[in-house]
Amino acid sequence: MLRNPALKTVHAATQRFVTSQVRNYSRRALTTLAAFPDLRMETMVQTTTKHGMDVIHDPLLSKGTAFSLSERERLGIRGLVPPRTQEMDKQLQRIIRNLRECRTPLEKFIFMTALQDRNETLYYRLLIDNLEELSQIIYTPTVGEACQRFHSIYRRSRGMYFSSLDRGQMAAMVHNWPHDQVDVIVVTDGSRVLGLGDLGANGMQIPIGKLSLYVAGGGIRPTSILPVVLDVGTNNESLLDDPLYLGMGHRRLEGDEYYSFVDEWVHAIQNRYPNALIQFEDFKYPHAYNLLHKYQDKICCFNDDIQSTSAVALAGVLAALKARGKSIDNLNEERIICVGAGSAGVGVCEGIIDCMVEQGKVKSREEAYSKIWMLDQHGLIGNAHLGATDGATPAPIGLGDRAKLDERQLCYLKKDMKDRMSLEEVVKAIKPTVMLGLSGAPGVFTEGAVRAMADGVEKPVVFPLSNPTHQSECTAEQAFKWTDGRAIFASGSPFKDVEFNGKTCKVNQINNAMSFPGLGLGVTVSRASRVTGKMFMETAITIANMASEEQLKSGVLFPGVGQLREVSKEVAAKVCEVAYDQGLARAQLPPGSNLKTVIEESMWNPSYVSLIRLADH
């Protein structure tokens with residue numbers, strides 16, 4: 001405390017001067033952003049009205065031990081933190097040492113969550129510097145177990161929950177969120193979490209994990225993200241019977257009641273955050289398609305499981321063409337089996353169909369559909385009446401109980417093949433070049449089916465894409481063993497490279513994270529009013545073209561997650577180009593600006609900046 005009256009006067013005058021300068025700086029920054037609202041350059045200072053322990057307990061403000069002496073004085077935290085200032089490099093050493101002592105992936109997940117809850121800048125620095133390793137902790141495969149045990153390991157609230165208790169109140173509730181600018185929202189109803197099924201409100205870990213990748217991989221600011229759960233109940237009996245379950249204890253809303261609930265939420269979000277990108281995540285079939293169809297031409301939104309998965313899977317298929325010495329324009333020559341007819345399976349196949357049509361080497365969309373054979377849990381979607389006649393009478397096209405399939409699934413019905421043929425039977429009949437797994441059924445890629453595929457092609461493309469790891473249709477080791485090391489392999493969850501007959505067989509990961517952070521960055525920078533199919537196609541082509549010839553020869557299809565920020569910059573640039581070409585961009589680029597430079601300067605980078613306290617008026 002200052003006892004000398006003269007010093008008090010000088011101190012007060014200095015505070016007023018600093019405050020006025022910061023306010024003026026903030027006004028100039030806001031003026032710049034008004035002209036081009038997406039160029040969020042790093043500032044030299046961060047302002048707050050908080051004081052004392054409120055600063056220490058705010059993860060967006062806290063620096064832990066890194067507060068300078070002058071910050072400790074002006075923020076009223078002198079004596080509230082250890083006296084020795086330690087910068088971020090020392091903090092990272094301590095964090096990594098403690099992280100290494102965690103025995104299981106779930107323990108590491110809990111440790112990372114605790115760090116995020118107390119110091120987000122340090123959390124994201126650690127994540128970016130170790131993205132290849134830690135993305136597997138904060139997202140797949142560890143996030144699956146974290147979702148299953150969410151109600152048991154819950155520590156601190158993050159994100160927003162809109163439940164069946166909140167009908168008629170959502171428009172007011174959205175104003176409880178403390179940040180006035182939100183760029184990206186990830187929302188789930190927890191009805192189909194990874195390959196684990198209905199996890200209800202426990203699904204909150206999915207939006208949190210996805211948004212961590214938006215920040216670490218796409219440079220979206222942590223203050224402008226919002227994870228959301230729409231808690232419409234659960235049909236998971238074990239959760240309903242668990243007294244610790246944190247979600248609504250009733251069965252799921254369905255039909256008109258469900259869709260009106262979602263509609264109220266969408267309108268509430270649009271009223272407060274009209275420019276936000278909404279990512280629908282882990283909604284079960286057919287809700288996933290119905291919601292996408294309803295909103296994709298009205299608001300800025302997409303479905304990650306349908307469209308991002310499709311883009312990255314398409315990128316893998318195109319890159320596999322290049323790895324076999326072919327052009328990506330020869331997609332129509334592929335014979336593709338897809339095991340899985342849900343939202344992800346249909347979504348991936350529709351992306352492939354779109355690309356075939358765009359390339360112009362098929363005469364119609366119907367011809368493109370003829371290149372894909374789809375199986376569900378019963379087997380091939382085929383002709384139920386085929387083989388039911390005496391051979392002299394042509395078999396009618398029969399649906400039988402396939403009448404329950406919707407119009408999107410029926411596009412893949414094979415009129416000339418028997419219904420419910422097994423995977424191995426289909427493989428032997430058509431000799432596929434590509435086999436995709438999006439079934440959530442572990443082991444469905446049997447040894448017989450994979451060996452039969454390898455008998456028909458030199459380099460079989462085997463993509464078991466279901467998450468988490470234990471839900472994969474086959475393992476990397478099985479795929480390489482059954483193909484004598486010739487497979488081009490990519491999975492949904494990470495596997496290690498495989499040693500086979502003295503050579504290292506490379507494993508790729510078809511990870512949505514290669515797509516959505518860059519897409520979100522591009523949409524945010526351009527302020528695109530819609531997300532279009534063209535954006536996803538260009539995303540796929542961009543990713544497919546990122547591997548060098550040497551990498552492709554070795555079996556590497558595209559960069560790993562450790563290079564996610566570089567991938568995101570390239571994807572964002574393409575998304576921006578499409579947004580401007582299609583007349584969807586609302587942001588005005590400064591004259592003479594370079595788009596990639598604008599994108600790079602828009603990406604948030606975690607580092608400590610000086611904290612200034614403003615008087616709370």
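Residues numbered from 1 in each chain as written. Predicted model: local features only at pLDDT ≥ 70, side-chain atom pairs only at ≥ 80, totals over all residues. Heavy atoms only, no water.

Enquirer: What's the story with the layout of surface pockets in this structure? I'm lost.
Expert: Rolled over the atoms, a probe as big as a water molecule pinpoints where empty space is left. Its volume calculated, the second largest pocket comes out at about 880 Å³. The wall of the second largest pocket is formed by 41 residues, among which Arg-192, Leu-438, Ser-439, Gly-440 and Ser-466 lie closest to the centre. Those elements that place two or more of their residues in the lining of the second largest pocket are α15 (304-323), α16 (343-359), β8 (372-376) and α19 (423-430). No other element matches α15, which puts three residues into the lining of the second largest pocket. Split by residue class, the lining of the second largest pocket holds 15 nonpolar, 18 polar and eight charged. (1 Å grid on protein atoms, 1.4 Å probe; cavity = no way out; pocket = protein on both sides within 12 Å on 5 of 7 lines; lining within 4 Å. Points joined across faces, edges and corners; volume = space filled by probe spheres on them. Helix = DSSP H or I, 4+ residues; strand = E, 2+ residues; numbered from the N terminus. Nonpolar A, V, L, I, M, F, W, Y, C, P; charged D, E, K, R; others polar.)

Enquirer: Would you mind going over the UniProt feature "binding site: a divalent metal cation" (unreviewed entry) in the protein chain with me for this structure?
Expert: Mapped onto this structure's residue numbering, the UniProt feature "binding site: a divalent metal cation" (unreviewed entry) falls at Glu-281, Asp-282 and Asp-305. Taken along the chain, the residues just named run across 25 residues; in space they keep tight, none of their C-alpha pairs more than 6.6 Å apart. In the annotated set above, the residues contributing to the lining of the second largest pocket are Glu-281, Asp-282 and Asp-305. Mapped onto the elements of the fold, Asp-282 is located in the loop between β5 (277-280) and α14 (287-295). In contact with Asp-282, other than residues within four places in its own chain, are Thr-188, Asp-189, Gly-190, Ser-191, Arg-192, Val-193, Leu-194, Ile-206 and Asp-305. By the secondary structure assignment, Asp-305 is in helix α15. For Asp-305, a relative accessible area of 7% corresponds to the buried category. With residues up to four places along the chain from it excluded, the contact list for Asp-305 reads Arg-192, Phe-280, Glu-281, Asp-282, Phe-283 and Ala-344. (UniProt positions renumbered as here; feature names shortened; annotations may be inferred. Contact = heavy atoms within 4.5 Å. Buried < 20%, exposed > 50% of the residue type's maximum accessible area, 1.4 Å probe, protein only.)

Enquirer: I'm lost on the sheet that holds strand β2 (residues 160-163) in this one. Help?
Expert: Strands pair in a sheet through their backbones, by hydrogen bonds, and they do so in one of two ways: parallel or antiparallel. A sheet is described by the order of its strands in space; here five strands give the open sequence β2-β4-β3-β5-β6, paired in parallel fashion. Pairing within the sheet leaves two strands with one partner each, and these edge strands are β2 and β6 (301-303). Mean inter-strand twist for the sheet, computed between neighbouring axes without regard to direction, equals 20°. Sheet topology places β2 next to strand β4 (residues 225-231); four bridges connect them, and they run parallel. Counted as the bridge partner of Met-160 is Val-228 from β4. Of the strands in this sheet, β5 and β6 touch α15, which is tilted by about 75° from β6. (Pairing = 2+ DSSP bridges. Axes fitted to C-alpha atoms, helices over the stretch in contact; angles between N-to-C directions.)

Enquirer: What am I meant to see in the sheet that holds strand β9 (residues 379-380) here?
Expert: Taken in spatial order, the seven strands of this open sheet run β9-β8-β7-β12-β13-β14-β17, and their pairing is mixed. Of all the strands in the sheet, just β9 and β17 (507-509) have a single pairing partner and so form its edges. With four bridges joining them, strand β7 (residues 336-339) and β8 adopt parallel strand pairing. Looking across to β8, one finds that Cys-338 is bridged to Met-374. Running over the sheet, α15 touches β12 (434-437), β13 (461-464) and β14 (488-491) and is turned about 160° from β13.

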